[in-house]
Amino acid sequence: MGNLRRKCSLVIELTTYLVRVFYLGHRYYGSQWQPRLPTVQGELIRAITNHTGEPHSPLTVQLSGRTDRGVHSLGQVATIRTDQFLNIDRVNRYLPHDITLWAYTRLPSEFNVRQDVLMRHYRYYMISPLNLQLDKMRFVATLLTGTRNYTPLAKRDGNRPRVATILNIAIVRPD
């Protein structure tokens with residue numbers, strides 16, 4: 001039989017998990033991975049790598065959005081792609097005390113946590129005593145509510161939609 005070459009390719013199907021992440025951001029330079037700086041995504045990558053024994057990166061552990069340095073989150077969502085079963089209780093053992101995974105579900109593998117979400121909910125708290133003019137803030141909030149084109153504020157990166165709908169803005173005094 002002449003030269004018979006067999007090609008063998010191993011295809012591993014990764015499972016995509018959607019997780020909810022709680023974190024206190026005091027110690028982090030934002031949520032998104034940055035080289036040589038502590039970030040929430042960096043800690044998640046380290047913990048998932050330790051849990052599964054497989055290498056992970058910002059390609060397999062992705063957050064739905066960005067937060068700045070010092071910002072906290074009660075339920076930011078992220079995706080984790082792995083060929084291992086995800087046990088969030090075990091992953092939490094590898095996370096620092098100020099980051100916790102608290103819920104998860106499996107998703108279709110093609111889901112993109114940045115682009116395929118249907119809605120985002122943000123809640124901001126101002127904790128420093130400021131001389132806020134609530135009436136003026138509420139008026140400006142009415143101008144932002146509704147469907148608007150945010151092209152002047154958007155980052156240029158491909159064909160991302162620039163139109164967004166803000167359903168509600170409520171400005172209340174914390175006391």
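Residues numbered from 1 in each chain as written. Predicted model: local features only at pLDDT ≥ 70, side-chain atom pairs only at ≥ 80, totals over all residues. Heavy atoms only, no water.

Novice: I would appreciate a short explanation of the overall build of the chain in the present structure.
Specialist: Looking only at helices and strands, the chain features three helices and six strands. Traced from its N-terminal end to its C-terminal end, the chain shows the element sequence β-α-β-β-α-β-α-β-β. The buried share among the 175 residues of the chain stands at 30%. Considering only residue pairs separated by 6 or more positions, the chain has 64% of its internal contacts joining residues 24 or more positions apart. Of the roughly 13300 Å² of accessible surface on the chain, a fraction of 55% belongs to carbon and sulfur atoms. (Helix = DSSP H or I, 4+ residues; strand = E, 2+ residues; numbered from the N terminus. Buried < 20%, exposed > 50% of the residue type's maximum accessible area, 1.4 Å probe, protein only. Contact = heavy atoms within 4.5 Å. Areas by Shrake-Rupley, 256 points an atom, 1.4 Å probe, with all protein chains shown as cover.)

Novice: What exactly am I supposed to notice about the nonpolar core here?
Specialist: Generally speaking, nonpolar side chains in soluble globular proteins are found buried as a group. Core analysis: the biggest nonpolar cluster contains 20 residues, and Val 19, Val 21, Leu 44, Leu 86, Ile 99 and Leu 101 have the highest contact counts within it. Listing elements by their share of this core, those giving two or more residues are strand 1 (15–23), helix 1 (40–52), strand 2 (61–63), strand 3 (73–82), helix 2 (88–94) and strand 4 (99–107). In terms of residues, this core owes the most to one element, helix 1, which gives five residues. If we skip the residues at most four places from it in the chain, Ile 99 touches Val 21, Phe 22, Tyr 23, Tyr 28, Val 40, Glu 43 and Leu 44. (Core = buried A, V, L, I, M, F, W, Y, C linked by side-chain atoms within 4.5 Å.)

Novice: Could you clarify how one ought to interpret the pattern of salt bridges in this entry?
Specialist: Oppositely charged side chains may form a pair once their charged atoms are brought near each other. Overall, the coordinates contain three salt bridges when judged by the stated rule. Of the charged contacts in the structure, one is a salt bridge between Asp 98 and Arg 27, with a shortest N-O distance of 2.8 Å. Of this pair, Asp 98 sits in the loop between helix 2 and strand 4 while Arg 27 is found in the loop between strand 1 and helix 1, placing the two residues 71 residues apart along the sequence. Under the relative-accessibility criterion, Asp 98 is labelled buried at 4%. In this structure Arg 27 comes out as partly exposed when scored by relative accessible area, which is 44%. Between Arg 138 and Asp 135 there is a salt bridge, and its shortest N-O distance comes to 3.8 Å. Taken together, the residues span about one helical turn, with Arg 138 and Asp 135 both in helix 3 (residues 134–144) at a distance of three residues. Judged by relative accessible area, which is 36%, Arg 138 ranks as partly exposed. (Salt bridge = Lys/Arg side-chain N within 4 Å of Asp/Glu carboxyl O.)

Novice: When you look at the sheet that holds strand 3 in this model, what are you seeing that I'm missing?
Specialist: To summarise the sheet geometry, strands pair through backbone hydrogen bonds and adopt either a parallel or an antiparallel arrangement. Pairing within the open sheet is antiparallel, and its four strands lie in the order 2-3-1-4. For this open sheet the edge positions go to strand 2 and strand 4, each flanked by a neighbour on one side alone. Put simply, the sheet's adjacent strands are angled 30 degrees from each other on average, direction ignored. The sheet contacts of helix 1 involve strand 1, strand 2, strand 3 and strand 4, and relative to strand 2 the element is tilted by about 150 degrees. (Pairing = 2+ DSSP bridges. Axes fitted to C-alpha atoms, helices over the stretch in contact; angles between N-to-C directions.)

Novice: Where do I start with a nonpolar patch on the surface in this structure?
Specialist: Among the surface-exposed residues, Phe 139, Val 140, Leu 143, Leu 144 and Ile 169 lie close enough to one another that they form a single nonpolar patch of about 430 Å² accessible area. Note on placement: Leu 143 falls in helix 3. (Patch = residues over 30% accessible without salt bridge, like charges linked within 9 Å, V, L, I, M, F, W, Y side chains within 5 Å.)

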